[in-house]
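# What the coordinates show
Chain by chain, the residues:
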Amino acid sequence: VQLQASGGGLVQAGGSLRLSCVVSGRPFSTNAMAWFRQAPGKEREFVAACNWSGSSTTYADSVKGRFTISRDSARNILYLQMNSLKPEDTAVYYCAASPRPYGSSSLRSNVYNYWGQGTEVTVSS
């Protein structure tokens, strides 16, 4: 399974970006999918996760109400719509896929076997 993330860039505070993550290889072996991010000098942190269909989602408190995770299962693409961006959202964003079913463990990075290369998001104040 290969994941290719894209859509990052430079945006002013209050702006929006949409990240995409294309899943190739054996996408049927993925189940839960998620976005994580890592800011300079900080550890990687959970942002959002969803199940195979995208009907169940979980968000970090810091992005709840501003970010939306969605999934086009037919096209094997994961999205992260980011609105009302803040400077503290600046980070490299990574998509991840797991063969495990979506659930309470989906917030943990160690359940994800497959990772994208990361796409950088910079929010200026």
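In the block above lies the structure referred to throughout.
Description of the structure in this document. (Residues numbered from 1 in each chain as written. Predicted model: local features only at pLDDT ≥ 70, side-chain atom pairs only at ≥ 80, totals over all residues. Heavy atoms only, no water.)

## Some remarks on the pairing of strand 9 (residues 91-98)
Across the eight residues of strand 9, seven count as buried, placing the element largely inside the fold. Inspection of the sheet shows strand 4 (residues 32-38) paired to strand 9 by seven bridges, in the antiparallel sense. Its bridge partner lying in strand 9, Gln 38 is registered against Val 92. By the bridge criterion, three bridges tie strand 9 to strand 11 (residues 119-124) in an arrangement that is antiparallel. Residue pairing for strand 11: Tyr 93 is matched across the bridge by Thr 119. (Buried < 20%, exposed > 50% of the residue type's maximum accessible area, 1.4 Å probe, protein only. Helix = DSSP H or I, 4+ residues; strand = E, 2+ residues; numbered from the N terminus. Pairing = 2+ DSSP bridges.)

## With respect to the pairing of strand 5 (residues 45-50)
For strand 5, the buried fraction is high: five of the six residues fall into the buried class. As consecutive antiparallel partners, strand 4 and strand 5 are separated by six residues, and within that stretch Gly 41 has a phi angle of approximately 75°, a positive value. Across three bridges, the pairing between strand 5 and strand 6 (residues 57-59) is antiparallel. In the strand pairing of strand 6, Ala 49 is matched with Thr 58. Counted along the chain from strand 5 to the antiparallel partner strand 6, the turn is six residues long, and its residue Gly 54 has a positive phi close to 85°.

## A few points about the nonpolar core
Soluble, globular proteins show a tendency: their nonpolar side chains are buried together. Membership of the largest hydrophobic core comes to 35 residues, with the highest contact counts inside it found for Trp 35, Leu 80, Met 82 and Tyr 93. Elements with a minimum of two residues in this core: strand 1 (2-6), strand 3 (17-24), strand 4, strand 5, strand 7 (67-72), strand 8 (77-82), strand 9 and strand 11. (Core = buried A, V, L, I, M, F, W, Y, C linked by side-chain atoms within 4.5 Å.)

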